[in-house]
Amino acid sequence: MSTPTSRVLLIYTGGTIGMGKNPETGALEPLDFRHLIQRMPEIAAIPAAIDVHQFPRPVDSSDMNPQLWAHIVEIIVGHYDSYDGFVILHGTDTMAFTAAALSFMLENLTKPVILTGSQLPVNQLRTDGRENLITSIEIAAAKHVDGRPRVPEVCIYFSGKLLRGNRSTKINSEGFNAFDSFNFPHLADAGIHIRYHDELILRPDFERPMTPHYAMDTNIIVFTLFPGIQEAAVRHLFSAPGLRAIVMRTYGSGNAPQLPWLEQALAEAHRQGIVVVNVTQCTEGPVEMARYGGGFLLKNAGVVSGYDGTVECAIAKLMHLLTHSTDADFIRQQMNRSLCGEITVREGE
Ligand code: ASP
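Everything in this summary refers to the structure shown in the same document. None of the values given here were measured: they were computed from a predicted structure. (Residues numbered from 1 in each chain as written. Predicted model: local features only at pLDDT ≥ 70, side-chain atom pairs only at ≥ 80, totals over all residues. Heavy atoms only, no water.)

## Description of the overall build of the protein chain
Here is step 1 of the chain: Each helix and strand counted, the protein chain has 10 helices and 18 strands in total.
Here is step 2 of the chain: A compact globule built from 349 residues would reach a C-alpha radius of gyration of about 20 Å, and the protein chain, at 21 Å, matches this within 12%.
Here is step 3 of the chain: Projecting the C-alpha coordinates of the protein chain onto the three principal axes gives extents of approximately 65 × 55 × 35 Å.
Here is step 4 of the chain: Out of the 349 residues in the protein chain, the part that is buried amounts to 55%.
Here is step 5 of the chain: Long-range contacts, defined here as pairs at least 24 residues apart, represent 73% of the contacts in the protein chain between residues at least 6 apart.
Here is step 6 of the chain: For the protein chain, the accessible area works out to roughly 15,300 Å², and carbon and sulfur atoms hold 52% of it. (Helix = DSSP H or I, 4+ residues; strand = E, 2+ residues; numbered from the N terminus. Rg over C-alpha atoms; globule rule 2.2 N^0.38 Å. Buried < 20%, exposed > 50% of the residue type's maximum accessible area, 1.4 Å probe, protein only. Contact = heavy atoms within 4.5 Å. Areas by Shrake-Rupley, 256 points an atom, 1.4 Å probe, with all protein chains shown as cover.)

Pasting the structure below:
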């Protein structure tokens with residue numbers, strides 16, 4: 001239940017939710033979000049004190065980047081003690097990347113950080129933005145009877161579902177049901193009531209402070225296997241200057257073609273201290289490298305399992321870890337651990 005004492009900060013970064021049609025061109029452009037919500041009577045009815053902080057120049061989330069993630073972290077840190085929860089309004093296109101990144105950048109988070117947005121602007125008749133915004137605020141304000149926040153983690157709320165941020169993926173470019181977390185159950189489902197699945201929600205150490213991290217190392221590439229992939233193209237990719245990590249999108253349960261040159265290229269990358277992470281192209285189910293010969297080959301070449309994590313999360317986790325150490329083995333070890341609920345670790349992987 002939210003209490004009248006809860007204070008929530010809305011951080012408007014941009015995205016469709018706060019856009020309106022330019023009357024001349026018909027294209028969607030960012031509007032002043034403070035003015036928009038002042039004209040929403042529902043907001044005043046929420047039993048929480050709400051303030052708005054907006055990016056000076058709201059961005060389409062295609063333009064989101066690690067510097068802007070660090071800016072969001074700065075805003076949260078600057079207001080951490082004054083608010084009970086945070087709602088980040090964000091474009092849907094890269095929302096899952098931002099959610100994953102923030103989950104690592106806000107270590108031992110003890111307050112809710114709920115990302116939301118919409119497929120239609122909030123001032124349009126059939127908008128999904130109102131419900132997404134209002135329920136996100138309620139979730140950010142919700143507390144247990146002992147006064148502790150109900151959801152002290154980074155989440156995405158969209159279309160009735162509260163999802164762990166670093167488990168989420170955008171699944172639909174048009175429908176209102178735009179996000180899901182295929183390998184992790186919903187943290188809450190909102191219908192007539194908001195039904196929280198408390199047993200799934202992270203429990204941070206409330207005695208310890210939240211530790212912010214601002215740096216992200218972007219010397220990473222993602223490459224997707226496909227039948228017929230060429231040696232020259234892969235070797236070119238692997239020799240990119242400064243490259244420190246590769247997210248390899250494999251088949252099924254983490255398989256690759258049994259090509260000697262691929263095995264060799266991966267083993268060379270491993271020797272050079274490049275971390276290679278195996279993330280399946282499937283939307284659901286984990287990587288199990290020991291299951292087939294094609295996965296075993298990767299394991300032998302030093303490739304690390306991505307378990308049941310998303311590609312967005314593997315990228316964000318690597319960017320975060322690479323700033324902490326130059327020791328590739330340390331990074332590999334950390335990729336084999338769940339830092340904030342992002343993977344389900346299976347023995348033998
Ligand atoms: N292109 C927009 C963005 O991601 C789409 C949206 O907000 O849904 O910023």
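## Some remarks on the environment of Val-287
Here is step 1 of the chain: With respect to the element layout, Val-287 can be found in the loop between strand E17 (275–280) and helix H8 (293–300).
Here is step 2 of the chain: It is 29 Å that separates the C-alpha atoms of Val-287 and Ser-62, two residues lying 225 residues apart in sequence.
Here is step 3 of the chain: In contact with Val-287, not counting residues within four places along its chain, are Ser-253, Gly-254, Asn-278, Val-279, Thr-280, Ser-305, Tyr-307 and Glu-349.

## So, the site of the ligand
Here is step 1 of the chain: Every residue lining the ligand is accounted for by Gly-15, Thr-16, Asp-60, Ser-61, Gly-91, Thr-92, Asp-93, Ser-118 and Gln-119.
Here is step 2 of the chain: Between the ligand and Thr-16 there is a distance of 2.9 Å, counted from an oxygen atom to a side-chain nitrogen or oxygen.
Here is step 3 of the chain: Contact with the protein chains removes 88% of the 260 Å² of surface that the ligand exposes when unbound.
Here is step 4 of the chain: Residue composition of the shell around the ligand, grouped by class: no nonpolar, 7 polar and 2 charged. (Near = heavy atom within 4 Å. Polar contact = N/O pair within 3.5 Å; in protein donor to acceptor, adjacent residues only side chain to side chain. Nonpolar A, V, L, I, M, F, W, Y, C, P; charged D, E, K, R; others polar.)

## Looking at the packing of aromatic side chains
Each aromatic ring pair is specified by the distance between its two centres and by the angle formed by the two planes.
Here is step 1 of the chain: Applying the stated criterion across every chain yields a total of 5 aromatic pairs.
Here is step 2 of the chain: Members of the aromatic cluster, joined through ring pairs, are Tyr-80, Tyr-83 and Phe-86. (Phe/Tyr/Trp six-rings, centres within 6.5 Å; stacked < 30°, edge-to-face > 60°.)

## A closer look at the sheet that holds strand E1 (residues 7–12)
Here is step 1 of the chain: The mixed open sheet is built from 8 strands, whose spatial order is E4-E1-E5-E7-E8-E9-E12-E13. This sheet does not close on itself; its edge strands, each paired only once, are strand E4 (49–54) and strand E13 (194–196). Strand-to-strand twist of the sheet, defined as the mean angle between neighbouring strand axes without regard to direction, takes the value 20°.
Here is step 2 of the chain: The pairing of strand E12 (residues 188–190) with E13 spans 3 bridges and is classified as antiparallel. Note on E13: the bridge partner recorded for Ala-188 is Tyr-196.
Here is step 3 of the chain: Packing of helix H4 (residues 95–105) onto the sheet brings it into contact with strand E5 (85–89), strand E7 (113–116) and strand E8 (154–158), and relative to E8 it is tilted by some 155°. (Pairing = 2+ DSSP bridges. Axes fitted to C-alpha atoms, helices over the stretch in contact; angles between N-to-C directions.)

## Re the sheet that holds strand E16 (residues 245–250)
Here is step 1 of the chain: Strands sit in the order E15-E16-E17-E18 across an open sheet of 4 strands; the sheet is parallel. Because the sheet does not close on itself, it has two edges, and the strands there are strand E15 (220–224) and strand E18 (304–305).
Here is step 2 of the chain: By the bridge criterion, 5 bridges tie E15 to E16 in an arrangement that is parallel. Note that in E16 the partner of Ile-220 across the bridge is Ala-245.
Here is step 3 of the chain: Contacting E17 and E18, helix H10 (residues 328–335) crosses the sheet at an angle of about 20° to E17.

## Examining the environment of Val-113
Here is step 1 of the chain: Its place among the elements puts Val-113 in strand E7.
Here is step 2 of the chain: Residue Val-113 is classed as buried on the basis of its relative accessible area, which comes to 0%.
Here is step 3 of the chain: Put simply, Val-113 and Leu-10 are 103 residues apart on the chain and 9.8 Å apart in space, counted from C-alpha to C-alpha.
Here is step 4 of the chain: Beyond its immediate stretch of four places on either side in the chain, Val-113 contacts Ile-76, Phe-86, Ile-88, Leu-106, Glu-153, Val-154 and Cys-155.

## Focus: the layout of surface pockets
Here is step 1 of the chain: Of the voids in this model, the largest pocket is the one considered here, and its volume is about 480 Å³.
Here is step 2 of the chain: Where the lining of the largest pocket is concerned, the elements lending two or more residues are H4, strand E6 (106–107), helix H9 (311–322) and H10.
Here is step 3 of the chain: Per-class residue counts for the lining of the largest pocket are 11 nonpolar, 7 polar and 7 charged.
Here is step 4 of the chain: Forming the walls of the second largest pocket are 16 residues, and the residues nearest its centre are Thr-169, Arg-249, Cys-282, Thr-283 and Thr-310.
Here is step 5 of the chain: For the lining of the second largest pocket, the elements supplying multiple residues, two or more each, are E17 and H9.
Here is step 6 of the chain: Along the lines of polarity and charge, the residues of the lining of the second largest pocket split into 4 nonpolar, 8 polar and 4 charged. (1 Å grid on protein atoms, 1.4 Å probe; cavity = no way out; pocket = protein on both sides within 12 Å on 5 of 7 lines; lining within 4 Å. Points joined across faces, edges and corners; volume = space filled by probe spheres on them.)

## A few points about the pattern of salt bridges
Here is step 1 of the chain: Applying the stated criterion to the full structure yields 16 salt bridges.
Here is step 2 of the chain: Measuring nitrogen to oxygen at the nearest pair gives 2.9 Å for the salt bridge that ties Arg-7 to Asp-51. With Arg-7 in strand E1 and Asp-51 in strand E4, this residue pair connects regions lying 44 residues apart in the sequence.
Here is step 3 of the chain: In this structure Asp-51 comes out as partly exposed when scored by relative accessible area, which is 27%.
Here is step 4 of the chain: Here Asp-308 ties to Arg-167 by a salt bridge, and the two come within 3.2 Å at their closest N and O atoms. Of this pair, Asp-308 sits in the loop between E18 and H9 while Arg-167 sits in the loop between strand E9 (161–164) and strand E10 (169–170), and the two are 141 residues apart along the sequence.
Here is step 5 of the chain: Each of the salt bridges in this network shares a partner with another, and the network as a whole consists of Glu-231, Arg-235 and Glu-268. (Salt bridge = Lys/Arg side-chain N within 4 Å of Asp/Glu carboxyl O.)

By themselves, these observations are geometric and do not establish any function.
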